[in-house]
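Listed below are the residues making up each chain.
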Amino acid sequence: AHEIGYEATVRHLLPLVKKLADDAEVLVRQSLVGHFGDLAGFLIQSDPEKGYEEVIEKLLGVVSVLLTEKASEVRQGAADALITLASHLRPNQMCDKVLMTVISMSQNNDDEDARATAVQLLNGLAEAMGRDLCRGFVVMGIVGLCMDPAFRVRKATASSFAEVAKVIGNDDAKNRLVPAFEKLATDVHWGVKKAAAESLVNFAMSLEVEARQEKLVPLMLKLLQDDSRWVQMSALQQLGYFIACLEEATRVPEGLLAQFVDTIQRSKANPDAPDISFHCAYTFAGVTKAMGRDAWPILQEPFDSLCRDAQVKTRKAMAASIHIVAQTVGSTLTEQEVLPQFEALLQDPAPEVRLAALRNVAGIMQVASSQVAQRKVLKLLQASMGKADPAAVAAKAAKAESWRLRQLVALQLGSVCDALCAKSGSPTASAAAAAAGAGSADAASTDLIWDCVLPLFLKLCDDGVAEVRDEAARTTSKALRAATPELFADPEKDNSEGSSGCLGGAKPVLSAKTSKLMQKLITNFARGRNFRSRMTYIRMCDSIIRESPPHVFTEHFMQPLVRLSWDRVRNVQLCWATTIAPHLRKGTGRLSSNADLVATAHRMAYRLSETDEKKRRVPEERRVLEAAPIVPMPEGYDLTASGPDSDPEDNDQVSIEGGTGDSLSDCGLAEDEDG
């Protein structure tokens, strides 16, 4: 339709719809209804009036016929198509064109399948119908079908309350739908009660919390004690979700929590219920949050049990949500009882469990704020890198998992720095860091950053995989802000502002430790032996430019960056252009007033035009710079100036090598005084 246009679609394609709807093959009819939603949208968008009429006359009629199909695949597809088409219809035609069709199906005493489909449609169409139609017709239809003689219809009805309840509002749902749902939850057929148990949480989420407690808690207790084993199993699977949806309620019956705890304990010895422990683990954090810290003495043993469960997916669910448990129980209990299990999950033999735990390192550190606990977590983070070391990994699949793990560690570094700085707060933050809008770590946290975080940061910035290096480079500003707040101190303001946009005056004197770190960044990256290291330095600068006060970049990072604009490797030049050009845009660029850097960009573009003139092509680096567009060349700067003077510390280290450069140990902070 999109290729041939509206007129051709109406003339040629729509006549085929009726023929395909009568095709003998079920797959043809099933595939046909799957395209009705997109086709209706195309027709109405192409011609809001005539296209709309085509939808009403040509498509709705076909869907109505296919809703009575014996083939369940076609019937379900037609039901989905009708829900989609209803979203395109105007409110004044919703009743006549859609609702009456569904009500007619619900009253077809000779077709059980039609009635079952009708109740699904009443729920699925609720939002499109609106509150008035739902209150007047839809609720009546659903309540009536709750008493249908066919259990399959009643079973379908048990799953069709939630959307209607959302539309009609809490009061009507409580007074009209809840009594009908109660009948289904106590139905004579176990299949109907099982469907009610499986739908209870969705229905509960459509009601206000008080209504959930008052009306649905007794129902859950009944379902948990039902005579049918299948009903009990379904209720047990939903129990954790149900407790969690009570939202920190103060009146959760002890029986529900006791049943949840007992379910966890019994799942270990019940081979017939392998999914029960997973559902309990998946909802454990929500249950803990709903019950609050006071319930931890009851939940602590089940917590340990789920963290040590034999199923990988159960341990993964616990690892993925353990930070919520920590936030609920508080610092003391986290360090005493949550942290040991977190340590075990970080060292789990299953890589998916370790990955899930790694995502929550910063979240745990925000709660476990003592130096001993934080050092322990950081040491585990470092240890996890041993399992991610490419040298220790042989299999191809394991290598792929390894670099993803290292990338995840890199992704955590910024949040870890935030957690280490957060506990000291602004009272102990330096005045300069506070003025820059940043927190500052206390002495103990600073030691942790230097001992654990910075070595990880430098190692990951020198990783052999680009995605890992890039992720680590993005944390440069946060890592330096946490480790070296003196870099972020306001410069002397006794001189006027220079033309570059940075403040004048002498640079602040840096400690020996900070000076050594800065020299390492320059030596290992800005002047790295391989071009990938030099590209990483450019991305480090991007982090500094985006997240730090301007003087941090101009005083400590800019000159090596200017030199890299003359790099002999085209990949480095392209990285420079794509990374720095956005910061030099007219009006919006963070460094648009930095005359030195603007001039450097113009000189790069000019130099590229000179060297590539004979090749009769525009180099990509120049194309990027010209497309930015960067601010004009500042006055007083020579466009044809040669490159920066040779740096005596550079020697001949800079080359066009690839690979990962020196060994990862060269990125550590510990080295001889003359290194």
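Throughout what follows, the structure given in this document is the object of discussion. (Residues numbered from 1 in each chain as written. Predicted model: local features only at pLDDT ≥ 70, side-chain atom pairs only at ≥ 80, totals over all residues. Heavy atoms only, no water.)

## Notes on helix H28 (residues 466-473)
Then step 1. Most of H28 sits out of view: six of its eight residues are buried.
Then step 2. For H28, every residue scored as buried is listed here: Val 468, Arg 469, Asp 470, Glu 471, Ala 472 and Ala 473. (Buried < 20%, exposed > 50% of the residue type's maximum accessible area, 1.4 Å probe, protein only. Helix = DSSP H or I, 4+ residues; strand = E, 2+ residues; numbered from the N terminus.)

## Quick look at the packing of aromatic side chains
Then step 1. For the coordinates displayed, the defined rule picks out nine aromatic pairs.
Then step 2. A centroid spacing of 5.9 Å and a plane angle of 35° characterise the contact between Phe 284 and Phe 303, whose relative ring orientation is tilted. Of this pair, Phe 284 sits in helix H17 (residues 274-291) while Phe 303 sits in helix H18 (residues 296-307), and the two are 19 residues apart along the sequence. Summarising the burial analysis for this pair, Phe 284 and Phe 303 share the class buried.
Then step 3. Joined through ring pairs, the aromatic side chains of Phe 260, Phe 284, Trp 296 and Phe 303 make up one cluster.
Then step 4. In this structure, Arg 229 is placed above the aromatic ring of Trp 230, and the distance from its NZ or CZ to the ring centre is 5.2 Å.
Then step 5. Between Arg 607 and the ring centre of Trp 566, over which it is positioned, the NZ or CZ distance is 3.7 Å. (Phe/Tyr/Trp six-rings, centres within 6.5 Å; stacked < 30°, edge-to-face > 60°. Lys NZ or Arg CZ within 6 Å of the ring centre and 35° of its normal.)

## Overview of a nonpolar patch on the surface
Then step 1. There is a patch of nonpolar side chains on the surface, built from Ile 4, Leu 13, Leu 16 and Leu 20 and spanning about 300 Å² of accessible area.
Then step 2. Residue placement: Ile 4 occurs in the segment before helix H1 (6-21). (Patch = residues over 30% accessible without salt bridge, like charges linked within 9 Å, V, L, I, M, F, W, Y side chains within 5 Å. Areas by Shrake-Rupley, 256 points an atom, 1.4 Å probe, with all protein chains shown as cover. Salt bridge = Lys/Arg side-chain N within 4 Å of Asp/Glu carboxyl O.)

## Brief notes about unusual backbone geometry
The phi torsion of most residues other than glycine is negative, and most of the peptide bonds are trans.
Then step 1. Following Ala 628, the chain continues to Pro 629 via a peptide bond in cis, the omega torsion being -20°.
Then step 2. Considering the arrangement of structural elements, one finds Pro 629 in the segment after helix H36 (620-627).

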